[in-house]
Amino acid sequence: MEMTLRWYGPGYDAVDLWKIRQIPGVTGVVTSLMGKQPGEVWTEADIKTLTDPVEEAGLKIVGIESVNISDDIKIGTEKRDEHIANYITTLENLGKADIHMVCYNFMPVFDWTRSDLARKREDGATVLAYNQDMIDQIKPDKLRESMEKMSGGFTLPGWEPERLDKIAELFAAYKEVDSDKLFANLVYFLEAIADVCAKYDIKMGIHPDDPAWPIFGLPRIITGKEGIEKLLKAVDKPHNGITLCTGSLGSNPTNDIVDIIKIAKGRIPFAHVRNLRYNSDRDFEEAAHLSSDGSMDMYAIMKALYDTGFDGPIRPDHGRMVWDEVAVPGYGLYDRAMGACYLQGLWEAIDKSEKRN
Ligand code: DNO
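Everything quoted here is computed from the prediction, not taken from an experiment.

Draft legend 1. Quick peek at the sheet that holds strand S8 (residues 240-245). The 8 strands lie next to each other as S1-S2-S3-S4-S7-S8-S9-S12, forming a closed barrel whose pairing is parallel. Strand-to-strand twist in this sheet, taken as the mean axis angle between neighbours without regard to direction, amounts to 30°. Note that S8 and strand S9 (residues 270-273) share 3 bridges and pair parallel. Its bridge partner being in S9, cysteine 245 is matched across the sheet by histidine 272. Strands in contact with helix H15 (residues 334-356) are strand S1 (2-6), S9 and strand S12 (313-316); relative to S12, the strand with the most contacts, it is inclined by about 130°.

Draft legend 2. Geometry of the site of the ligand. In the vicinity of the ligand, the residues found are Glu65, Ser66, Cys103, Tyr104, Asn105, Asp111, Trp112, Pro157, Gly158, His207, His318 and Gly330. Per element, the largest residue contribution to the shell around the ligand is 3 residues, and it comes from strand S4 (residues 101-105). Considering only residue class, the shell around the ligand consists of 4 nonpolar, 6 polar and 2 charged.

Draft legend 3. Structural view of the sheet that holds strand S10 (residues 276-280). One open sheet accounts for 4 strands, arranged S5-S6-S11-S10; its pairing is antiparallel. A single partner strand is all that each edge strand has here, and the edge strands are strand S5 (116-120) and S10. Direction aside, the axes of adjacent strands within the sheet are offset by 35° on average. Looking at chain direction, S5 and strand S6 (residues 126-131) are connected through 3 bridges and run antiparallel. Note that in S6 the partner of lysine 120 across the bridge is threonine 126.

Draft legend 4. Examining helix H11 (residues 225-234) more closely. Looking at H11, one finds that the buried residues are Gly227, Ile228 and Leu231. End-on view of H11: buried residues confined to an arc of 100°, all on one side of the axis. Exposed positions of H11 whose direction lies more than 90 degrees from the buried face are Glu226 and Lys233. On its buried side, H11 packs onto helix H9 (179-192), strand S7 (203-207), S8 and helix H13 (257-263).

Draft legend 5. Quick look at unusual backbone geometry. With an omega of 0°, the peptide bond running from glutamate 65 to serine 66 counts as cis. Secondary-structure assignment places serine 66 in the loop between strand S3 (60-65) and helix H3 (71-75). In this chain, aspartate 210 is followed by proline 211 through a cis amide linkage whose omega measures 0°. Looking at where proline 211 falls in the secondary structure, it is placed in the loop between S7 and H11. Located in the positive-phi region is aspartate 201, a residue other than glycine, with phi close to 50°. By the secondary structure assignment, aspartate 201 is in the loop between helix H10 (194-200) and S7. In the Ramachandran plot, phenylalanine 216 falls in the positive-phi region, its phi being about 55° despite a non-glycine side chain. Along the chain, phenylalanine 216 falls in the loop between S7 and H11. By C-beta crowding, phenylalanine 216 is classed as partly exposed, having 17 other C-beta atoms within 10 Å.

Draft legend 6. Representation of the environment of proline 329 in the model. On the secondary structure map, proline 329 appears in the loop between S12 and H15. A tally of 21 C-beta atoms within 10 Å means that proline 329 is categorised as buried. Here proline 329 is in contact with Leu117, Ala118, Leu128, Met150, Ser151 and Gly152, once residues within four sequence places are set aside.

Draft legend 7. Just the nonpolar core, in detail. Core analysis: the biggest nonpolar cluster contains 84 residues, and Ile20, Val29, Val102, Phe106 and Ala271 have the highest contact counts within it. With sequence-adjacent residues up to four places away left out, valine 29 is seen in contact with Thr4, Leu5, Arg6, Trp7, Ile20, Val54, Leu59 and Ile61.

Draft legend 8. Here's a closer look at the pairing of S12. Alternating residues of S12 divide into Pro313 and Arg315 and Ile314 and Pro316, and every residue in both groups is buried. With 2 bridges connecting them, S1 and S12 associate as parallel partners. Across the sheet, residue glutamate 2 finds its bridge partner in S12, namely proline 313. Where S9 lies against S12, 3 bridges are found, and the strand directions are parallel. Across the sheet, the residue bridging to alanine 271 is isoleucine 314, located in S12.

What counts and what doesn't
- Residues numbered from 1 in each chain as written.
- Predicted model: local features only at pLDDT ≥ 70, side-chain atom pairs only at ≥ 80, totals over all residues.
- Pairing = 2+ DSSP bridges.
- Helix = DSSP H or I, 4+ residues; strand = E, 2+ residues; numbered from the N terminus.
- Axes fitted to C-alpha atoms, helices over the stretch in contact; angles between N-to-C directions.
- Contact = placed C-beta atoms within 7 Å.
- Near = placed C-beta within 6 Å.
- Nonpolar A, V, L, I, M, F, W, Y, C, P; charged D, E, K, R; others polar.
- Buried ≥ 20, exposed ≤ 12 C-beta atoms within 10 Å, placed from the backbone.
- Arc of directions from axis to C-beta.
- Core = buried A, V, L, I, M, F, W, Y, C linked by C-beta atoms within 7 Å.

Structure, rendered in structure tokens:
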């Protein structure tokens, strides 16, 4: 495995690349062009605005998180083929820039969703949290406003204001899209990009839905083992893989993450590893990465990745906000640096004990 951190790109992140470089063991970043709208082409010149500063800092780009998929592709409108053609050009340009892993999601309208971006914990740290009762009280068209209010002025990934300005239209366009149709549109997309992915050896890692159940009546299809198995089988080609996000899958306590790692063996090009704590079946909050701080067994997760031969990029995921840091919610430097060291400690211990036995 290769330890990395997410970096939002020039002008979008409060964390400097040189600080990321000083985290022991971190050799690369995953990043994105946050200003691009889904459906647009990423030119070679655009991509250079990412590779230049990262390489100057002595790091490398090990993948893109994310090249977002337009709602036209997800819905299957008459614009989808044009957007897919643009996506193919983007993949081509990424391949030429020696970037071979792309994370994306297929969630309708909203990307990851939380009811609270700064819930205070007992020790004063703040964390992202989800409470279903609070979400049930928010109208979908007010969700963007509520997320923006909580974001401290930072642009949140997957919450492009330009797209969400048209929320009523988007909801109307999804009216005819049930989970079968959404799944078929995902398969259509993956088949269409198969050749370019094969040519440039690009691995696509779909990010699970977060939280891992439908919200606001919109379908969600990558919520657990069943959806993942179905997708891996439907397009049984090496470019079709998953981003193993323990926090998203783990939002549903019935998901057995170790089992999911086993069934997706060889098809996990990217891993996001973090912990969370369930307070009830209607409420969870994110925790420090340590097993003892949350509800998940981080040792068992790292061991399953190790045992299945995972060798891709991995990153600590959302961190708590500690020591008065001001940054993109979930993406401060301090707690993610602690997470990166902790995960590497687990990995080293597993590796050494396996080799001695
Ligand atoms: C949030 C992230 C997501 C993720 C996308 C992948 O913190 O986990 O925004 O990057 O869903 O496309």
